[in-house]
Each structure stands twice: as structure tokens, then as C-alpha cells.
Amino acid sequence: MGKGLFISKTVGVVCVVLAAGAVATIIALSVVYSQEKSKNADVEPTSGGTSTAQPTAQPTEPPSNEPWDKYRLPDSLEPEFYTLTLWPRLQKNTDGLYVFTGKSTVRFRCKKETNLILIHSNKLELSLLDNQLARLSAVSDPSPPRIQKSWLQQETQYLVLQLTDVLKADQIYELYTEFQGELADDLGGFYRSVYTEDGVEKVIATTQMQPTDARKAFPCFDEPAMKAIFNITLIHDQNTVALSNSNVLGIDVTKTTFHPTERMSTYLLAFIVCEFDFENRMEGDVMIRIFARKKAIEAGQAEYALNKTGPILKFFEEYYNSSYPLEKSDQIALPDFNAGAMENWGLITYRETALLYDPAVSSNGNKERIATIIAHELAHMWFGNLVTLKWWNDLWLNEGFASYVEYLGADYAEPTWNVKDLIVLGDMHRVFAIDALASSHPLSSKEEDIQKPAEIAELFDAISYSKGACVLRMLSNFLTEPIFLKGLQSYLNAFAFGNTVYTDLWDHLQAVNSSGMALPNNKKVHDIMNPWILQMGFPVVTIDTSSGTLTQKHFLLDPESTPSDFIWDVPIQWMKTGDEKPYTWLHQKEGLQTSPLEWLVANVNVTGYYRVNYDDKNWDNLLNQLNVNHEDIPVLNRAQLIDDAFNLARANIVPTTRALQTTSYLSKERNYMAWESALDNLDYFYLMFDRSEIYGLLQAYTRRQVTPLFNYFKTITDTWTKDPDGHTEQYNEVNALRMACSSGLTECNELVQNWYKEWMTSPDSNPIRPNLRSTVYCSAIAAGGEEEWNFGWQRLKEAAIAIEADKLRAALACTTKPWLLNRYLEFTLNATQIRKQDATSTIVYIANNVVGQPLAWDFVRTNWQYIFQEYGGGSFSFANLINGVTKRFSTPFDLKQLEQFKEENANIGFGSGTLAVEQSIERTKANIAWVNKNREVVKSCPVTHTK
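If you look the protein up in an unreviewed UniProt entry, it shows as Aminopeptidase from Denticeps clupeoides. For the protein, the Sequence similarities (unreviewed entry) comment in UniProt is given as "Belongs to the peptidase M1 family." Its UniProt record, at the heading Subcellular location (unreviewed entry), says of the protein: "Cell membrane".

Here is the structure:
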């Protein structure tokens, strides 16, 4: 699944000056990455923690020892194929509900004798057949048992069938069911999406099965290892098109039958009935089609995705040394979709913002997000779909791998972007903030610790996606890419159409590396990699240039936490005064040939998953080099130095003044990577101090540093009339504009307000360049009142493309008027105003506004039961909501409210956001301690007072 939920590839993060005198950081979620980036939160300000012990996962205890009270299927039955017919009704029935009906036959093999059948079924109304909820027949057993008793076990989501006798080992049987379900708007299972075209409301029947919602569409063995072949038939209205994973076998007016699928997992199934149109193209023997609303197709919004899908498919065929496994690659943009995208085999589903592009309104960041999410999902066609992990505890390998190679696929499709470097900001820095908490968790867990659907949903987090990506990137780097690829190709070939555990990949990498890259102390891939997978967190490597010694320890942000005694094998790439040195490895303590007279940088190009600290003399040398000639230090390491220094200061390892000193050279810096790293970290200072007297000092300091950058882009864009040439230069132009405006540069604020007023005067002619719209909209709405807000809201409702609507949706949260923010919060409870897929991120946008934060927090507490019911148990965006509304907390009063919130709602629960609640408490305690320690330090810091 795409990262769209928790990591946005849209880099236009907007900071604005609020009339109350505070900065509101508006984070454009997809991902997402988000999702997947979607995954989908942005790079978050670093967050601290206070717990002292590693959390210990407790195995899920079933309510009894009966098989139907356990959350995992027994290993007695194995499905071979399903024959499934579904009929979604796209009009309400007499009860005012949208429903679907279905018939399913599953053929399965009995592996061990049993008198019990357990098959998943959730929220389905099963018809009685011979007074039972299913009908059993035999294919090879001449005397099959009958069903003696049948019932639905709601807690574990089973249809339970007790039999009169045993099913015999190695015999084949069939189970037939008839059922009805609601085609609800809950974004899971078989659900409905709604949009309006030419004033007419249209209904789509669509699916989202991952991780455990195929059972909401039909009774099935709903675990990833229970692979089978699926024969799908859809009954639908004459004016609609039916889509599924495989090609159409035949159409009989209102009934479409599809070819049997390949052997696959239930979570990858998809079936859709809609009135969409499409664009198509052949790429070799593969038909590529992009489906979307007819108006979107007419406007050419599918062309970019169509143009890039073919090259990315070709890249992965070469990368994996394996032909694309299917005959078609359909991709569809849905108006309502909870994730950023979903890798259904042969029918990938997306949010509209993750697939549709219009150069007239879409930014450079929007284009990058589309390219990387397409690459992420297409990477899964082999890694995840062809070869699937046995159980969800190894989700990290599936999503982490796709999150790594999405950059490679996007780089092939857009070679001038240099997009591969952006993994450092988009994934590594982001996940460092979470993995440095004492409440973090390892990449892989024991199978028995991950059982319930809510526990599975919690795994779709930054650790699985971003840490997984970074650790695999590190592995590829130290093994070398050719060896990594050879082992990967061997792994995919060996397990095609099957299931694996993560150590199977280590086996294949070890086999191909037997005479290749030398690993330290004759260790194997397992020995080096398992600590990175089975231990939470990461090390900080400390280098003393006076003695040349290297040491490591577990890095935790909270200085009150006691680090574990974890040890990692750390690959060290380093350079001395610009000269790269031979690779070395650190286990406990090593030595380097160093000199305190020369500057040294370790973790060159940030390929290793660790932070680096130095002795004071080397820090001084590095700071001097940044001020004398910063370009002698590689740009990724300039970004690293800033990020490491700020986080080392958070952990009390270096002084806070040292961290601020790393930004003093920025008035000379023009590169996006270093600026973005600095702004991400300075944002934490704004969050902690935007309600205090220190805010003014921060504003003045930021304004001094960013003014040269603002003037630089003013010059090269001919006074803001054209885009800069480079991909990341376009991102840095946005940084220059948003920070100049947010820090109070009069010229900037007058500029953006005039652009918005000009647009208000001529609504059909938007003068604002797409790259700058998020910043301009937010700044103008913050400086304006009801008129500006209402204009933005009207433009949102009339937007012809979701990307433009998303920019406006984020910007509307920038207003400083509490009553407008309260109105906006109420809109999130009404799906006709704010789509369900966008509700939680809209609340977070409002919470990012210093005026809106207490309003959003009160709103969440007041409406918790409703919010939990709608978004709790399995929603991937739910943790973002909890973290988002609490990240500014930094007082004892905030902590007391948060702990009271946890206590008062214990009976309701927190579902997939349970860990987020603990992380928020941990972060708040750390924030309190940090503010108490650093208020006077920041206030008196010479850097912030330098003219």
C-alpha cells in the first residue's frame, strides 16, 4: 500500500504568519507516503520521549481456548480457488441503504483431519441454506460430513461450521454461501464512493481489502498465506463498466465475467463498478489503462500517469530480471479512498491526488508524488504480490522494500530530478524522529504478537515503511547494488506465487555474496541485519578525532531515558577534508586515522541508518568549513549535520547552541536539502515557543537567514513570473517564499496577498503559479477574514481536480478566526462537506495552526466516540490524528489533559491509534523538560541575536 497516509511527497509545507503572532505549519498530507507516503504525514519536527524501557509486545490472549476464539486460522484447510459472483446496487433500497448481494464457492483441500471449518466473514448477512449458514459438498470424498451447527463469531470475525464427522486429509471439498452486505461509505471492504458530474450524483462500488477487509466482501480464508485462484463475476447496470484483477472473459449485457486470477492473497483482490472512462497504451505485451471520472479523462489529467507507467514497468522488469506477471495493468483514481494507493494485482487503486495531474494547477511536488507512488505500487507487483510475506509481522519487508525502490523507479522515469537523494529527507529524517522514542518498536515482531485487525493496522506506520526503506538501502549499499540485485532476483524466482519470511531474503543474499563483498569478521548477512530488524531504534556513532576512536550507543531523544545495551554492526563511510576514505565497520569500538586539524564527516551521503556525533574540535572545524566554503561538504551531509546536531541537542549530547550554530551559514546556502533539513528542525522551536516571548527572536533570526534566499529566487524567476529550472530548486523557491512570509518580510506578505486579491477579482483566472499556491493561499487566508475564507471554500467546492481542492483544504485551516476554524471542524463530521477520507487530515491541519490547536483538541475530545467509531479500529490515518492534535503540547496542563483523555476513553478504546496515545504522552513529557531546560538558552543564544 502506498505511503499516502503518513508521508506526503508534496513538499509544499506552508508556514504562515498568523495575526495572533504565531506560525501555523500546514502539512499537506496525501503517503502516503503516504499512505503510501502516503504514505500518508510529512516530515515531522523531531519529537522526544520519556519512557525508560523498551515496550514489550504481549501476545494476544483469546477469550477462550476454542479455535473460533483465536484470531489466526488453523492450518487444517487450504483454499485452491473461489468462484464468486457479486451484484452491487448503485441505488438505495427501500430501507434507504446501498447493498450488494453475492454467491461464493470456495474449493479447499483438507491438510489435517478436522470436524471444524473456520472461514472469515465480517458484517455480512448470510442466507440460510438447509437451515445452516453454508452448504458443504465433496469433490473427492465419497462420504462427506454434514454441517451440524453454524454461527458467526463476531469478535474473531469467523463463520463457524461444526461438522457431524471429520474432513479427511488430502480430500477436496467445496463450501457454498449466499450473502448480503452494505455498500457503505466506510472506505473498507466492498464500499461506495460518490461524486458529482454535470450536477448528477454518481455512485461507484469499489474495494479496499488490505489488510483484513476481504472478509467484508465475501466469506474467505483472509490471511496472506492462504493464496488461491479467484474466478470473479460482477453483475452491474448497463451503463457501467466492471473491473477486476484480470482481463474480461466475457460480457453478457449486465454481467461481466473475468479470467481466473493468478494464485494470490485475498488482500490483493479488487472489483469495481463505475461509469468511468480511460486512456490506454500498450507497453510490450502489457495493456496499460488509466481509469478516472469522464471529466478528468477529457481534461487529460490521466496523461502523465499513462506516460510514466510504461517506463516504470520496464524499469522493474529489468531490475527484477522478470517479466511483468500479468497481461494488463489497470490503474484507477477514486474520489473516496482512505490510503494513498493500493497495489491490487492488475487493478491498482489510488486517491485522485496520487494519480491525476494537470500542469495548469498541479505543482512540482504533486508530479513527484504521482511518479513515486506509481513506482511504489508497481514495485509491489513482484515484491509483495508475486512473492508475499507469510504474515503481517513481516509487513516491513513488503512496504519497506517498495518505499526504497519507489525512488529508483521514479528516477528512471524522471532522470533529471535526482529524486533518489530525497529519501534522506522524506524517509530517514522522518523516521529517526519516531525510532528515537523509547516507545518505538522493532521492524519485525513475533507472529503471536500480531493477531487482531487493529494490531495489524498499527503496523502500517513510519517504522515499517520508512525505516524498512532506509535499512534496505543501507544493505544494498554495503553489499553493492549488483550483489543485492542478484540475491533479490534469486529470491523472487525461488518463491514466485508463494509466501516467505524475511530471513528467506537474507538466505538468498548470503548465497550470492559467498565470494563477493567481504563482511566484517566473516559474518553472514543474517548476523549483520538481524539486529537492525529485531532491535528497536538505531545507534549514534561518536568519533573523537583527537584519538581516532569510534564508539556507538543506542540513541534516545529523551535524556532521562536509559539507553539499552543494543549493539549493531555499523557500516562507516567517511571522508577527511573532502577526501573519501576506505569503508570500515564498527561493532563496539574501532579506530580511524584522524587529525584534529582536519574536518571529518562520517556516513557519507547518509547511506547508513545512524546518527553521528563528534568531539568539539571537529564540530568547530565543520562549522568553520560551512561558513568558509560549505560546498566542500557533500549536500546530503550538510543536511545530515544540521539534523544530527539538533537531535543530539534534544538528547542532551551536544549543547542547543551548537545545533543553532549549524544554521548560521544558511544565508549563503541555496540548496534545498540543507534548507529543508534546517526548517524541519527549527519548526520544533516554533512549536515550543510560538506562544512565548522567544517567538520574536526566532522570527527575526529566520528573516535574516532567508532574505538572501528570497532575493535569489526573486532574481532567477524574473520577479516570481517563472519556475526555476531544477526540480529541487523549485522546492526551495517555495521554502524561500513561505519562510520569508512567515517570518514577517513585508515584501513577501504584500506580494502573496495581492496575488490572492487579484484572483478574488477574477475567479476564472488564477494568477498564482501552481508551485506557489499552497503558500499563497495559506498566507492570504491567514491575513484575511471571512471574505477570503469563503472565497477559498467556494473554489474548493468547484475545483475540477482533487490536487487543487487539497491545496485549498489545507489553506482554509490557516485562518486566525476561531469561529471560522470551529465551523471548519464541524464540516469534518459531514461527508457532504469534507469527504471521510479527508476528515482526520483536515483536523490535523487545523491543529497545526496555533490558534486552531486548542480548538481541534477540544473537538477531538468532545467527539471522540464518533471519531473512534468512524476512523478508529483499522484506519491507517488514525495515529496521525492523535499525534497531530497533541504535538504542540509542552506544559503540565497539556500533559494532565492528555492523561485524563486516555483514562476517560479507556472503555471506548483507541484502536490502531493506541500506540500514538502512548507516544503523545511520552513526547509531551519530553517537551516539558526540553522547554524548561532550553527557554533561557535559546533566549540568550548569540546566534539568534547576531545582526
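J.: Before we go on, may I ask you to explain the overall build of the protein in this structure?
T.: The secondary structure content of the protein amounts to 28 helices and 33 strands. By its C-alpha atoms, the protein is 90 × 70 × 60 Å across when sized along the principal axes. Taken across its 947 residues, the protein has 65% of its residues classed as buried. With an accessible surface of roughly 32200 Å², the protein has 47% of that area assigned to carbon and sulfur atoms. Across the protein, 85 positive and 114 negative side-chain charges occur, with their mean positions spaced 2 Å apart.

J.: Could you clarify how one ought to interpret the packing of aromatic side chains in this entry?
T.: Pairs of aromatic rings are described using the distance from one ring centre to the other and the angle between the two planes. Under the counting rule described, the total for this entry stands at 65 aromatic pairs. With centroids separated by 5.5 Å and ring planes inclined at 25°, the aromatic side chains of Phe315 and Tyr319 adopt a geometry described as stacked. Here the residue Phe315 and the residue Tyr319 both occupy positions in helix H2 (residues 303-320), the gap between them amounting to four residues, near one helical turn. With respect to class, Phe315 is no different from Tyr319; both count as buried. Ring centres of Trp789 and Phe827 lie 6.4 Å apart, and the angle between their planes is 50°; on these two criteria the pair is classed as tilted. With a gap of 38 residues between them, Trp789 in helix H19 (residues 786-798) and Phe827 in helix H21 (residues 818-827) connect regions that are remote in the sequence. Classification of Phe827 as buried rests on a relative accessible area of 15%. One aromatic cluster is present, formed by Phe315, Phe316, Tyr319, Tyr320, Tyr324, Trp382, Phe383, Phe401, Tyr412, Tyr491 and Phe495 through successive ring pairs. A cation over a ring is seen here: Arg89 above Trp87, with NZ or CZ 3.5 Å from the ring centre. Sitting above the plane of the Tyr684 ring, Arg650 keeps its charged end 3.9 Å from the centroid.

J.: Explanation requested: the UniProt feature "active site" (unreviewed entry) in the protein in the structure shown.
T.: In the UniProt entry, the feature "active site" (unreviewed entry) is given for Glu377. Relative to the elements of secondary structure, Glu377 occurs in helix H3 (residues 364-380). Its relative accessible area of 0% is what places Glu377 among the buried residues.

J.: What should I look at first to understand unusual backbone geometry in this one?
T.: A negative phi angle characterises most non-glycine residues, just as the trans form characterises most peptide bonds. That bond from Gln210 to Pro211 is cis: its omega, 0°, falls within 30 degrees of zero. Its location among the elements puts Pro211 in the loop between strand S12 (200-208) and strand S13 (229-235). Of note, the phi angle at Lys123 is positive, near 60°, even though the residue is not glycine. The phi dihedral of Val606 is positive, around 55°, even though this residue is not glycine. Inspection of the secondary structure puts Val606 in the loop between strand S32 (600-602) and strand S33 (611-614).

J.: I tried to follow the packing of helix H8 (residues 481-494) against helix H9 (residues 502-512) on my own but got confused; where do I start?
T.: Axis angle and axis distance: for two packed helices, these are the angle between their axes and the distance between the axes, and together they describe the pair. Axis separation between H8 and H9 bottoms out at 8 Å; the angle between their running directions is 125°. When the axes of H8 and H9 are compared, the pair comes out oblique. Pair H8 / H9 crosses with right-handed handedness. Contacts between H8 and H9 pair Ile483, Phe484, Lys486, Gly487, Leu488, Ser490, Tyr491 and Ala494 from the former with Asp504, Leu505, His508, Leu509 and Val512 from the latter. Residues of the contact of H8 with H9, tallied by class, amount to eight nonpolar, three polar and two charged.

J.: What is the right way to look at the sheet that holds strand S31 (residues 589-591) in this model?
T.: Backbone-to-backbone hydrogen bonds pair the strands of a sheet. The strands run either parallel or antiparallel. Reading across from one edge, S31-S26-S25-S33 is the order of the four strands in this open sheet, with mixed pairing throughout. Where the open sheet ends on each side, the last strands, each with one partner, are S31 and S33. Neighbour-to-neighbour, the strand axes of this sheet turn through a mean angle of 25°, independent of strand direction. One ladder, built from four bridges, connects strand S25 (residues 539-544) with S33; its direction is parallel. Bridging across to S33, Val540 finds its partner in Arg611. The sheet contacts of helix H12 (residues 635-650) involve S25 and S33, and relative to S33 the element is tilted by about 80°.

J.: Can you walk me through the sheet that holds strand S8 (residues 147-153) in this structure?
T.: On the basis of which strands lie adjacent, the open sheet formed by three strands has the order S5-S9-S8 and antiparallel pairing. Looking at the sheet topology across the chains shown, the edges are occupied by strand S5 (114-120) and S8. Within the sheet, the average angular offset between the axes of one strand and its neighbour, ignoring direction, is 20°. Pairing geometry for S5 and strand S9 (residues 158-167), over six bridges, is antiparallel. Directly across from Leu118, in S9, lies its bridge partner Val160.

J.: How should the pattern of salt bridges be read in this particular structure?
T.: Taken as a whole and judged by the stated rule, the model has 44 salt bridges. Arg72 is the partner of Glu223 in a salt bridge, and the nearest nitrogen-oxygen pair spans 3.2 Å. With Glu223 in the loop between S12 and S13 and Arg72 in the loop between strand S2 (23-26) and strand S3 (77-88), the pair connects residues that are 151 residues apart, well separated along the chain. The closest approach of N and O atoms between Glu804 and Arg773, which form a salt bridge, is 3.3 Å. Note that Glu804 is positioned in helix H20 (residues 802-811) and Arg773 in helix H18 (residues 773-783), a separation of 31 residues in sequence. On the basis of relative accessibility, which here comes to 7%, the residue Glu804 falls in the buried class. Overlapping salt bridges, with partners in common, bring together Arg72, Glu223, Lys390 and Glu447 in one network.

J.: Hey, could you run me through the environment of Asn245 in this one?
T.: Among the secondary structure elements, Asn245 is positioned in the loop between strand S14 (241-244) and strand S15 (248-252). A C-alpha to C-alpha distance of 9.7 Å links Asn245 and Ile272, two positions 27 residues apart in sequence. Those residues within four positions of Asn245 in sequence are excluded, and the remaining contacts are Thr261, Met264, Leu268, Leu269, Ala270, Lys328, Asn344, Trp345, Gly346 and Leu347. Engagement of the side chain of Asn245 in a polar contact is seen with the backbone nitrogen of Ala270, the distance being 3.0 Å.

J.: Just checking my understanding: could you explain helix H11 (residues 616-629) for this structure?
T.: An α-helical turn contains 3.6 residues, so any two residues separated by three or four positions project in the same direction. The end-to-end C-alpha distance of H11, which contains 14 residues, comes to 20 Å, matching closely the 20 Å that a straight helix rising 1.5 Å per residue would cover. Buried residues of H11: Asn618, Trp619, Asn621, Leu622, Leu623, Gln625 and Leu626, and no others. Next to the buried residues of H11 lie S32, S33, H12 and helix H13 (656-661).

J.: Looking at this structure, I do not really get the state of the cysteines. What am I missing?
T.: Linking two cysteines covalently via their sulfur atoms produces the bond known as a disulfide. On inspection of all chains with the given rule, the structure shows two disulfides. Between the sulfur atoms of Cys741 and its disulfide mate Cys748 the distance is 2.0 Å. The disulfide joining Cys741 to Cys748 has a torsion of about -85° about its S-S bond and is therefore left-handed.

J.: Sorry if this is basic, but what is going on with the environment of Ser546 here?
T.: Checked against the element boundaries, Ser546 lands in the loop between S25 and strand S26 (549-554). By relative accessible area, which is 55% here, Ser546 ends up exposed. The spatial distance from the C-alpha of Ser546 to the C-alpha of Leu597 is 9.0 Å, given a sequence separation of 51 residues. For Ser546, the residues in contact, after removing those within four places along its chain, are Pro596 and Asp615. A polar side-chain atom of Ser546 sits 2.5 Å from a polar atom in the side chain of Asp544.

About the thresholds
- Residues numbered from 1 in each chain as written.
- Predicted model: local features only at pLDDT ≥ 70, side-chain atom pairs only at ≥ 80, totals over all residues.
- Heavy atoms only, no water.
- UniProt positions renumbered as here; feature names shortened; annotations may be inferred.
- Helix = DSSP H or I, 4+ residues; strand = E, 2+ residues; numbered from the N terminus.
- Buried < 20%, exposed > 50% of the residue type's maximum accessible area, 1.4 Å probe, protein only.
- Areas by Shrake-Rupley, 256 points an atom, 1.4 Å probe, with all protein chains shown as cover.
- Lys, Arg positive; Asp, Glu negative; His and termini not counted.
- Charge placed at Lys NZ, Arg CZ, Asp CG, Glu CD.
- Phe/Tyr/Trp six-rings, centres within 6.5 Å; stacked < 30°, edge-to-face > 60°.
- Lys NZ or Arg CZ within 6 Å of the ring centre and 35° of its normal.
- Axes fitted to C-alpha atoms, helices over the stretch in contact; angles between N-to-C directions.
- Parallel < 35°, antiparallel > 145°, perpendicular 65-115°, else oblique.
- Left-handed = near helix turned anticlockwise from the far one by under 90°.
- Contact = heavy atoms within 4.5 Å.
- Nonpolar A, V, L, I, M, F, W, Y, C, P; charged D, E, K, R; others polar.
- Pairing = 2+ DSSP bridges.
- Salt bridge = Lys/Arg side-chain N within 4 Å of Asp/Glu carboxyl O.
- Polar contact = N/O pair within 3.5 Å; in protein donor to acceptor, adjacent residues only side chain to side chain.
- Expected span 1.5 Å × (residues − 1).
- Disulfide = S-S within 2.5 Å.

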